[in-house]
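Topology and contacts: notes
This is what each chain is made of:
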Amino acid sequence: MACALDTGYVRHVQLKEWLRRGHKPCAPTIIHGRYIPRAEFTLHFTYPTFFRYILPMDSLVKLAVEVRSRLEAVYHATGPSRGHGCASIPAVDELALTFLSQATTDINSWRGYQALRAAYPTWEAVADAPVEAIEELIRPCGLSRQKAPRILAALNRIRAEQGSITLDFLRDMPRADALEYLLSFNGVGRKTASCVLLFSLGVPALPVDTHVWRVAKRLGLITEKTSAEAAHAVLEGIVPEADYLTFHVNVIAHGKVFCTARSPKCSACVLAEICPFAVL
């Protein structure tokens, strides 16, 4: 049973009493702290010590905008920073770099990318190179025996289908079709596809990496049970399209500095007063 409340701040003990009186729990849910902000919300009860709620969509949009605004004022990030500043790179380069970035650090993936481009100035030259040579060049990225064949397979497929190695044609395709095309490559998930579309082609897509996923859950923008894959569609429905890029890069920066997986620095966090996790 949905409970519409407009009573300022509500203690958990009051929620427990309402549940005892027969209010029925509902899903989906988001974990919250000791106080519930003034809003309409849906109650959910799972364990005796946890009460959860979900804000209306307009409140979630306002929260996302506020998060982006506060973080941008701190980190001033306007684009991906991985050793080459925030400059955009061609879509094929972004695809290869995102392949290389899987399960490694930004520094290592950028080193591997630089080594690859230094040895082979064109992607056609990379596509014609022996897989063993590519593996050796990208070894700093880790998983080189997995990543090298995937990169070569993608490059050769693009060349076979398009006549040259370029992904610029995706800019003129409907967003859904462009996303589907990228997802058809082995090893390309929603995050990789979204990075290529957003960073290089300016197509609205919101990549969700481990930092964005963690911070979004802690803020209550998505539920605890929302998978990283599902979070893409959920967050794209909450964050305004114009904010996709700045939201993504600044949330990542925050996830690395303050909202870390272990021992987050909530007491010094610029989002503490609007973050449910910070008061747990």
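Keep in mind the model is a prediction, meaning the values are calculated, not measured.

Concerning the packing of helix 10 (residues 210-219) against helix 12 (residues 244-257)
Between helix 10 and helix 12, the shortest axis-to-axis distance is 8 Å and the interhelical angle comes to 85°. One way to sum up the angle between helix 10 and helix 12 is to call them roughly perpendicular. Along the contact surface, helix 10 presents His211, Val212, Arg214 and Val215, while helix 12 presents Phe247, His248, Val251, Ile252, Gly255 and Lys256. In terms of residue class, the contact of helix 10 with helix 12 is built from five nonpolar, three polar and two charged.

Here's the deal with the environment of Gly255
Secondary-structure assignment places Gly255 in helix 12. Gly255 gets classed as buried once you look at its relative accessible area, which sits at 1%. As for Gly255 and Val215, which are separated by 40 residues in sequence, their C-alpha atoms are 6.5 Å apart. The residues touching Gly255, leaving out its near neighbours within four places in the chain, are His211, Arg214, Val215 and Thr260.

Considering helix 11 (residues 228-238)
What helix 11 keeps buried is the set Ala231, His232, Leu235, Glu236 and Ile238. Along the long axis of helix 11, the arc covered by the buried residues comes to 155°, so they all point the same way. Tucked into the core, helix 11 has its buried residues touching helix 2 (57-75), helix 8 (175-183), helix 9 (190-201), helix 10 and helix 12.

Description of the packing of aromatic side chains
Taken as a whole and assessed by the stated rule, the structure comprises three aromatic pairs. For the ring pair Tyr181 and Phe185, a centre distance of 5.3 Å and an interplane angle of 85° mean the geometry is edge-to-face. Comparing Tyr181 with Phe185, the two get one shared label, buried. Among the aromatic residues, those joined into a ring-pair cluster are Phe169, Tyr181 and Phe185. Between the NZ or CZ atom of Arg157 and the centre of the ring of Tyr181, over which it lies, the distance is 5.2 Å.

Notes on the pattern of salt bridges
This structure, assessed with the given rule, holds eleven salt bridges. Of the charged contacts in the structure, one is a salt bridge between Lys256 and Asp106, with a shortest N-O distance of 2.7 Å. Note that Lys256 is positioned in helix 12 and Asp106 in helix 4 (residues 106-119), a separation of 150 residues in sequence. Residue Lys256 is classed as partly exposed on the basis of its relative accessible area, which comes to 44%.

Things to note about the nonpolar core
One finds Trp123, Ile134 and Leu167 to be the most contacted residues of the largest nonpolar core, which totals 40 residues. No other element matches the seven residues that helix 3 (residues 91-101) contributes to this core. In this structure, Ile134 is in contact with Leu116, Tyr120, Val126, Ala129, Ala148 and Leu152, ignoring residues within four places of it in sequence. One finds Tyr75, Val208, Ile222 and Leu235 within the second-largest nonpolar core, a separate group that totals 30 residues.

Description of unusual backbone geometry
Of note in this structure, Ala103 is not a glycine but carries a positive phi near 60°. The phi dihedral of Ser263 is positive, around 50°, even though this residue is not glycine. Within the secondary structure layout, Ser263 lies in the segment after helix 12. Its relative accessible area of 64% is what places Ser263 among the exposed residues.

Criteria and cut-off values
- Residues numbered from 1 in each chain as written.
- Predicted model: local features only at pLDDT ≥ 70, side-chain atom pairs only at ≥ 80, totals over all residues.
- Heavy atoms only, no water.
- Axes fitted to C-alpha atoms, helices over the stretch in contact; angles between N-to-C directions.
- Helix = DSSP H or I, 4+ residues; strand = E, 2+ residues; numbered from the N terminus.
- Parallel < 35°, antiparallel > 145°, perpendicular 65-115°, else oblique.
- Contact = heavy atoms within 4.5 Å.
- Nonpolar A, V, L, I, M, F, W, Y, C, P; charged D, E, K, R; others polar.
- Buried < 20%, exposed > 50% of the residue type's maximum accessible area, 1.4 Å probe, protein only.
- Arc of directions from axis to C-beta.
- Phe/Tyr/Trp six-rings, centres within 6.5 Å; stacked < 30°, edge-to-face > 60°.
- Lys NZ or Arg CZ within 6 Å of the ring centre and 35° of its normal.
- Salt bridge = Lys/Arg side-chain N within 4 Å of Asp/Glu carboxyl O.
- Core = buried A, V, L, I, M, F, W, Y, C linked by side-chain atoms within 4.5 Å.

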